[in-house]
Amino acid sequence: MTSPYQFAHDAYAAALQTSFAHLEDGEESGESAHVAGRVMLLRRQGRLAFATMRDSTGEIQLFALDGVAENFDEFSKLHLGDWVGVVGEIVRTKRGELSVKVATFERLAEARHNFGDKWAGITDFDLRYRHREADLWANETSRRSLQRRSDMIRAVRERCWAAGFMEVETPILTPVASGASARPFVTHHNALDSDFYLRVAPELWLKRLVVGGFERVFELGRVFRNEGVSPRHNPEFTMLELYAAYWDFEDMMSFTEELVAGVALDVLGTTEIEYQGRQLSLSAPWARRPMAELTSEALGVEVSVHTPRDVLAGYLGERGVEVHASWGAGRCLAELFENSAEEGLWDATFVTEYPVEVSPLSRRHRRDAELTERFESYAAGRELSNGFSELNDPDEQRSRFEDQARLAAAGQDETMAIDEDYIRALEWGLPPTAGLGVGMDRLAVLLADESNLREVIAFPTLKPVRD
RNA sequence: GCGCCGGUAGCUCAAUUGGCAGAGCAUUUGACUCUUAAUCAACAGGUUCCGGGUUCAAGUCCCGGCCGGCGCACCA
């Protein structure tokens, strides 16, 4: 029997369950449907057989009778997991199960492997992540989480478009990996005989488009960082970055809270979500708290970027953090914040006033030259977004990059690479602009109520199996 | 990269102190005209992750490796 090339499918399980809800036990509707999906369960009973078929919307029972179904013997020999296309009347069985009474059926494709135990499904992480196609049939929560991610991406796009942002695409293969302090992946282009880096952020390209006159741009794309893998980190992840000319960081914070709360509303219908058994608020407006203030509260002692560097270093030492000789007061404060206050930020909160030292692309704060007009948002103790008033002075940008180069020379692993083309772009004039980056996987984890990033990534990065 | 834990049939899991490697589901065969994780009967299914070692005897203990989970580090 050759495998069919097509099936004239005209009905879905969930819609049938709804539109024939009125059928009484034992009643026949007189209406026929063409349904298709996978056989998930099969109950043969002599000259009749029942199958539970699942499609992308839900499940419906297939009811086959010898003498009524034209190829009953083949039906009763189906395997769990086989794809079928069925034509038959919609009926409700005597025992009350809505069913398609099989007139004809075709096996559309065979399943050579099963989809796990009927009860337990597939639980082995290795199998689930390496063969997500099987996991998706075996585990309802896997389907739900990836569906939520898709709903989220859609909502983000629609809200960005609605706010007048235009979607653009910038290079993934780049001659310099800059725009974030992260180790890049390196690859090689043969014809150009040049090494390229996979981007660690689209930031610098996007700002060049603003220089070019596109006032509001966004990119939703994959970035790559050659760093550790954990429940909260995948080497490739999806970032939303957007830039708005004429805005400052305050404007961007307002946009951020509206965007994230709006997306939660679109996906979940609420901005008061439950995450890991605990209520979490994404409702705007979010608290806006200077880093120094949060850190002082957590430490029980007043600190700021103006506290002597060695005093801050001393507090870090007490907390068991190894202080690098090249760290100034700004870096020390940021480290102290991460070590003390960060984890406690449960409801969505903006942390503001990041030190210049850790913010090489941010504009200095208009009230304090040691600080920047930068914010990060946190939820469930984790960073969700990062944004700032963009540094648009090419001379200062050059000196900030040079500071980064000095730190690299002093032995710091993760620093930002100098990008001459970007500095030249700034020389053409970047208007006052605010930018935002949102970790889409992190947001998806919140919306899907998952604790592990891999659950919202269809095919997370795994080590290849070697012989 | 480091630490802890794990890997047994296609799937989910057992296996006492080191003493014959098992069950349910799936597959195969048979019975059954209203099942719902159908039921009943039978057959088959194993490089116990891989490679060494200790021992009369290793799924179990030891060493090395592979892969995964969690934590740390790095980072978002």
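Cut-off values and rules
Residues numbered from 1 in each chain as written. Chains lettered and ligands numbered in written order. Predicted model: local features only at pLDDT ≥ 70, side-chain atom pairs only at ≥ 80, totals over all residues. Heavy atoms only, no water. Salt bridge = Lys/Arg side-chain N within 4 Å of Asp/Glu carboxyl O. Buried < 20%, exposed > 50% of the residue type's maximum accessible area, 1.4 Å probe, protein only. Helix = DSSP H or I, 4+ residues; strand = E, 2+ residues; numbered from the N terminus. Near = heavy atom within 4 Å. Polar contact = N/O pair within 3.5 Å; in protein donor to acceptor, adjacent residues only side chain to side chain. pLDDT = per-residue confidence, 0-100. Contact = heavy atoms within 4.5 Å. Domains from an automatic or database assignment. Expected span 1.5 Å × (residues − 1). Pairing = 2+ DSSP bridges. Axes fitted to C-alpha atoms, helices over the stretch in contact; angles between N-to-C directions. Core = buried A, V, L, I, M, F, W, Y, C linked by side-chain atoms within 4.5 Å.

Colleague: Quick rundown of the pattern of salt bridges? Include the residues and the values.
Modeller: Across all of its chains, the model carries 32 salt bridges by this definition. E59 is the partner of R54 in a salt bridge, and the nearest nitrogen-oxygen pair spans 3.2 Å. Of the residues examined, E59 reaches a relative accessible area of 38% and is grouped as partly exposed. Two residues, E335 and R331, come together in a salt bridge whose shortest N-O distance is 2.9 Å. Of the two residues, E335 and R331 both sit in helix α10 (residues 329–340), 4 residues apart, roughly one turn of that helix. Here the salt bridges do not stand alone but share partners, grouping R128, R132, D135 and E455 into one network.

Colleague: Explain the protein's contact with RNA strand B to me, and be specific about the residues and the numbers.
Modeller: Taken together, 49 residues form the shell around RNA strand B, and within it R95, D117, W119, H233 and N234 come nearest. When the atoms of RNA strand B within 4 Å of the protein are sorted by group, sugar and phosphate make up 61%. Interatomic distance of 2.5 Å between a side-chain N/O atom of T93 and a base oxygen of RNA strand B. Between RNA strand B and N234 there is a distance of 2.5 Å, counted from a base nitrogen to a backbone nitrogen or oxygen.

Colleague: Help me get a handle on the confidence of the model for chain A, residues and values and all.
Modeller: This prediction gives chain A a mean pLDDT of 93; 99% of its residues lie at or above 70. Confidence, read as mean pLDDT per element, is least for helix α11 (residues 394–409) in chain A (90) and greatest for strand β6 (residues 166–167) (98). Listed scores for the predicted complex are pTM 0.94 and ipTM 0.91.

Colleague: Quick rundown of the environment of A134? Include the residues and the values.
Modeller: Mapped onto the fold, A134 is located in helix α4 (residues 132–138). Measuring from C-alpha to C-alpha, the distance between A134 and F115 comes to 5.8 Å, with 19 residues separating the pair along the chain. Excluding anything up to four places from it in sequence, A134 contacts F115 and I122.

Colleague: Mind laying out the domain arrangement of chain A, listing which residues take part and the relevant values?
Modeller: Assigned domains of chain A: these are domain 1 (13–109) and domain 2 (140–286 + 347–456). Each of domain 1 and domain 2 has a C-alpha centre, and the two are 49 Å apart.

Colleague: Before we move on, could you go through α10 and cite the residues and values that matter?
Modeller: Across its 12 residues, α10 extends 16 Å between first and last C-alpha, which sits within 8% of the 16 Å expected from 1.5 Å per residue. Counting buried positions along α10 yields 9 of 12 residues, so the element is predominantly enclosed. All of the buried residues along α10 are A329, G330, C332, L333, A334, E335, L336, F337 and S340. Where α10 is buried, its residues touch α8 (291–299), α9 (309–318), β15 (349–352) and β18 (374–379).

Colleague: Run through the environment of F105, naming residues and quoting values.
Modeller: In this fold, F105 is placed in strand β5 (residues 98–109). According to the relative accessible area criterion, F105 is buried, its value standing at 6%. When residues no more than four places from it in sequence are discounted, the contact partners of F105 are N71, E74, F75, L78, V84, G85 and V86.

Colleague: Outline the sheet that holds β5, listing residues and values.
Modeller: If you trace the 5 strands once around the closed barrel, you get β1-β2-β3-β5-β4, paired in mixed fashion. Taking each pair of neighbouring strands and ignoring which way they run, the sheet shows an average axis angle of 55 degrees. Examined bridge by bridge, strand β2 (residues 48–54) and strand β3 (residues 59–65) share 7 bridges and lie antiparallel to one another. Counterpart to A51 in the pairing with β3 is L62.

Colleague: I'd like a description of the nonpolar core, backed by residues and values.
Modeller: M152, L240 and L446 are the most contacted members of the largest nonpolar core, which has 46 residues in total. Listing elements by their share of this core, those giving two or more residues are α5 (140–162), β10 (216–224), β11 (236–245), α7 (249–268), β12 (272–275), β18, β20 (433–439) and α13 (440–448). Tallying contributions element by element places α7 first for this core, with 9 residues. Not counting residues within four places of it along the chain, the set of residues in contact with L240 comprises V156, C160, F218, E219, L220, L259, L436, G437, V438 and M440. Judged by nonpolar contacts, the second largest core, of 26 residues, contains L23, A33, V102 and F105.

Colleague: Now, about the sheet that holds strand β14 (residues 287–290): what can you tell me, with residues and values included?
Modeller: Taking strand neighbours across the sheet as the criterion, the 8 strands line up as β6-β10-β11-β20-β19-β18-β15-β14 in an open arrangement whose pairing is mixed. Bordering the open sheet on either side are β6 and β14, each of which pairs with just one other strand. Judged from the 5 bridges that link them, strand β19 (residues 382–389) and β20 form a sheet pairing that is antiparallel. Paired with G387 across the bridge in β20 is L436. α8 contacts β14 and β15 of the sheet and is inclined by roughly 80 degrees relative to β14.

Colleague: I'd like to hear about the environment of R278, residue by residue, with values.
Modeller: By the secondary structure assignment, R278 is in strand β13 (residues 278–281). Owing to a relative accessible area of 47%, R278 belongs among the partly exposed residues under this scheme. Separated by 68 residues in the primary sequence, R278 and W346 have C-alpha atoms spaced 9.6 Å apart. Ignoring any residue separated from it by four or fewer positions in sequence, one finds R278 in contact with I273 and W346.

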